[in-house]
Amino acid sequence: MKYVFPIIMILLALAGCTGFEDGPKISFTDPATILANEWAVREAVKGGADITADYASDVLTFDAQGVFSYLESSRIITSPPFTRSDTITLLGLGTWSFLNKKDEIEILYTFSYQDLYDQSITYVEERYGQWEIQRLTEEEFWLRNDSVSLR
């Protein structure tokens, strides 16, 4: 009987292991519950270069049922047919889900926005990504894909 309590504690600890690269190593809260939140991008790095300014106004929102939204409140549009640098706000809507392991997610979302010069034209951008979760706590969410790390 004296071994029952230590065995139960070990089993609980192993069940709570997250496996995230940067922690936490143990959590008793389901990762989906922690992830279901609104996350502002505070730091972005690509190939060792700081690209935080490109993501400074971005907010990622996850809900527990797999709904995802991505708000870009100041995207600069400079590509044709635009003739000057314009800033627009975009809201991407889609879904997210865990992949085989709980430390990887896939995100699929779509932006739709009107042409700034001709309101009869609508642009649609679909985005898909697989991301590794490096850290997930109540206060921090770190993601990494092949080229970009977001915190």
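Here the structure is a predicted model, which is why all the values come from computation and not from measurement.

**Section: the environment of Glu 104**
Then, in step 1: Relative to the helices and strands, Glu 104 resides in strand β7 (residues 104-114).
Then, in step 2: Overall, the relative accessible area of 27% leaves Glu 104 in the partly exposed class.
Then, in step 3: For the pair formed by Glu 104 and Ile 133, sequence separation is 29 residues and the distance between their alpha carbons is 5.7 Å.
Then, in step 4: Every residue in contact with Glu 104, bar those within four places of it in the chain, is listed here: Ser 97, Phe 98, Leu 99, Trp 131 and Glu 132.

**Some remarks on the nonpolar core**
Then, in step 1: Judged by nonpolar contacts, the single largest core of 28 residues is most densely connected at Leu 35, Phe 62, Trp 96, Ile 105 and Phe 141.
Then, in step 2: The set of elements that each furnish at least two residues to this core consists of α2 (31-35), β4 (58-62), β5 (67-77), β6 (86-98), β7, β8 (122-136), β9 (141-144) and β10 (148-150).
Then, in step 3: It is β7 that provides the largest number of residues to this core, a total of five residues.
Then, in step 4: Once residues within four sequence positions are removed from consideration, Leu 35 is found in contact with Phe 62, Trp 96, Phe 98, Ile 105, Leu 136 and Phe 141.

**With respect to the side chain of Asp 58**
Then, in step 1: Mapped onto the elements, Asp 58 comes out in strand β4.
Then, in step 2: A distance of 2.5 Å separates a polar atom in the side chain of Asp 58 from a polar atom in the side chain of Tyr 70.

**A short note on a nonpolar patch on the surface**
Then, in step 1: Side chains of Leu 71, Leu 91 and Leu 93 sit close together on the surface and give an oily, nonpolar patch of about 260 Å² of accessible area.
Then, in step 2: You can see Leu 71 is positioned in strand β5.

**Comments concerning the packing of aromatic side chains**
Then, in step 1: Applying the stated rule across the entire model yields 11 aromatic pairs.
Then, in step 2: Summarising the aromatic geometry, the rings of Trp 39 and Phe 141 are spaced 5.2 Å apart at their centres and angled 50° between planes, so their arrangement reads as tilted. Taken as a pair, Trp 39 in strand β1 (residues 38-40) and Phe 141 in strand β9 lie far apart in primary sequence, 102 residues in all. The two residues Trp 39 and Phe 141 agree in class, both being buried.
Then, in step 3: Measuring from centroid to centroid gives 5.5 Å for Tyr 109 and Phe 111, while their planes differ by 85°, and the two rings are edge-to-face.
Then, in step 4: When its relative accessible area of 10% is taken as the criterion, Tyr 109 is described as buried.
Then, in step 5: Of the residues examined, Phe 111 reaches a relative accessible area of 0% and is grouped as buried.
Then, in step 6: Here a set of aromatic residues connected by ring pairs shows up, and it is made of Trp 39, Phe 62, Phe 68, Tyr 70, Trp 96, Phe 98, Tyr 109, Phe 111 and Phe 141.
Then, in step 7: Across the ring face of Trp 142, the terminal group of Arg 135 is positioned such that the distance to the ring centre comes to 5.7 Å.

**What about the pattern of salt bridges?**
Then, in step 1: Taken as a whole, this structure holds four salt bridges when the rule is applied.
Then, in step 2: Glu 72 is the partner of Arg 127 in a salt bridge, and the nearest nitrogen-oxygen pair spans 3.5 Å. One end of the pair, Arg 127, is in strand β8; the other, Glu 72, is in strand β5, and 55 residues separate them in sequence.
Then, in step 3: By relative accessible area, Glu 72 is classed as buried at 8%.
Then, in step 4: When the shortest N-O distance is used, the salt bridge between Glu 125 and Arg 127 registers 3.0 Å.
Then, in step 5: Overall, the relative accessible area of 27% leaves Arg 127 in the partly exposed class.
Then, in step 6: Taken together, the salt bridges that share partners define one network made up of Glu 72, Glu 125 and Arg 127.

**With respect to the confidence of the model for the protein**
Then, in step 1: Mean pLDDT over the protein stands at 82; residues scoring 70 or higher make up 75%.
Then, in step 2: A low-confidence stretch, residues 11-17 (pLDDT under 50), is modelled with eight contacts involving residues beyond four sequence positions or located in other chains.

The rules we used
Residues numbered from 1 in each chain as written. Predicted model: local features only at pLDDT ≥ 70, side-chain atom pairs only at ≥ 80, totals over all residues. Heavy atoms only, no water. Helix = DSSP H or I, 4+ residues; strand = E, 2+ residues; numbered from the N terminus. Buried < 20%, exposed > 50% of the residue type's maximum accessible area, 1.4 Å probe, protein only. Contact = heavy atoms within 4.5 Å. Core = buried A, V, L, I, M, F, W, Y, C linked by side-chain atoms within 4.5 Å. Polar contact = N/O pair within 3.5 Å; in protein donor to acceptor, adjacent residues only side chain to side chain. Patch = residues over 30% accessible without salt bridge, like charges linked within 9 Å, V, L, I, M, F, W, Y side chains within 5 Å. Areas by Shrake-Rupley, 256 points an atom, 1.4 Å probe, with all protein chains shown as cover. Salt bridge = Lys/Arg side-chain N within 4 Å of Asp/Glu carboxyl O. Phe/Tyr/Trp six-rings, centres within 6.5 Å; stacked < 30°, edge-to-face > 60°. Lys NZ or Arg CZ within 6 Å of the ring centre and 35° of its normal. pLDDT = per-residue confidence, 0-100.

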